[in-house]
Amino acid sequence: MKIRKLLKLRKQNDIVKIAFLFIFVGAFVIIMTIINVVKFYGQINESEEYTIKKLDKISERDLENILDMDNVYCVSPSINNIVSIKYYVSVVDMPCVMVSADYIERVFSVECDTNSRTFYVNDFTFEKLRQEMNLNKDSKVISVKYAFAGDEEAEYKNARIVVVEDDLHADEIAIYTNDTDLNLQKNAMEFRTIITKHDLDGTLQSDFENQGYFFSEKEALVNWKYNLEIWMLKIKYGIFISAIAIVAGFIMYKRELKLVEQDC
């Protein structure tokens with residue numbers, strides 16, 4: 001009887017309508033806040049690749065120092081290059097990153113072929129190559145020819161393109177190939193490193209800078225921290241707004257319930 005009267009009152013009484021609206025809004029904001037919290041922690045714990053530079057020559061000691069830092073999964077000296085990929089009569093020039101075989105195996109979870117030239121590409125890059133060169137979309141390993149920019153030998157050499165799972169560069173061109181440790185340490189001017197957890201308070205960045213390294217993506221780091229602060233504000237205000245809305249709704253609900261009981 002009481003519930004029937006309250007439901008009837010909800011249709012007739014504006015205060016009850018507002019109370020239910022407040023409760024609904026509070027519940028909706030809570031759901032959205034929970035979604036933001038889940039996304040927030042997912043973003044924090046996502047691995048990210050960074051390019052780290054040093055003013056003087058790279059050494060084996062540098063690799064050991066970086067690997068000893070918190071949340072560093074792997075690191076390699078890296079060389080940026082331009083590779084010309086030839087498939088029959090089609091030729092495409094694309095940026096390429098040369099790193100150690102160990103780095104490729106850890107990042108892409110593949111066995112790196114050190115006996116022949118292999119280019120590891122993500123789906124995004126392969127789709128670009130497929131459109132330009134009419135590659136077979138169903139094949140994950142394709143034989144091609146290649147030449148690096150600045151090669152003294154003009155003729156193209158044999159190579160393979162291998163499509164790999166790559167969550168780090170999902171929406172960008174990414175072509176990786178291995179080089180010898182000797183050549184990397186001799187010619188590399190920067191590192192590629194995988195950080196397994198985002199640097200929330202800037203401690204990791206400070207650790208790198210204190211040892212003479214600096215991030216090439218410094219602007220991206222600043223933007224990420226800015227977006228993080230916005231995200232945290234959304235979560236805090238979401239909790240605050242939902243709490244006020246639900247409490248206000250229940251107060252109005254209880255008040256009208258008492259009025260119903262008094263009328264009975």
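Structure: see above.
Computed from a prediction, not measured in an experiment: that's the story for all the values here.

(A) The arrangement of the pairing of strand E7 (residues 175-178) in detail. The side-chain alternation of E7 yields two buried faces, one formed by Ile 175 and Thr 177 and the other by Tyr 176 and Asn 178. Of the strand pairs in this sheet, strand E3 (residues 90-99) and E7 are connected by three bridges, and their pairing is parallel. Among the inter-strand pairings, Val 97 is bridged to a residue of E7, identified as Tyr 176. In terms of strand pairing, strand E4 (residues 118-121) meets E7 through two bridges, oriented antiparallel. Along E7, the bridge assignment pairs Tyr 120 with Tyr 176.

(B) Fine view of helix H4 (residues 101-108). When we look at burial in H4, the residues that qualify are Ala 101, Tyr 103, Ile 104, Val 107 and Phe 108. Down the axis of H4, the buried side of the element spans an arc of 160°, and every buried residue falls inside it. Lining the buried residues of H4 we find strand E1 (48-54), strand E2 (72-87), E3, E4, E7 and strand E8 (190-195). Among the residues trailing H4, Ser 109 stands out with phi positive, at a value near 55°.

Definitions and limits used
- Here the residue numbering is sequential within each chain, running from 1 through the sequence in written order.
- Where local features are concerned, this predicted model is filtered to residues with pLDDT of at least 70; where side-chain atom pairs are given and counted, the filter is 80 or more; whole-chain, interface and lining totals use all residues.
- Water and hydrogen atoms play no part in the side-chain values, which are based on all heavy atoms of the structure.
- Partly exposed describes any residue whose relative accessible area lies between the buried limit of under 20% and the exposed limit of over 50%, with all areas from a 1.4 Å probe on protein chains only and scaled to the type maximum.
- The secondary structure listing takes helices from DSSP runs of H or I that are at least 4 residues long and strands from runs of E that are at least 2 residues long, numbered from the N terminus.
- Note on pairing: two strands pair once DSSP finds at least 2 bridges between them.
- In this description, the arc belongs to the directions extending from the helix axis to the C-beta atoms.
- Throughout, a contact is declared for two residues whenever any of their heavy atoms are within 4.5 Å.

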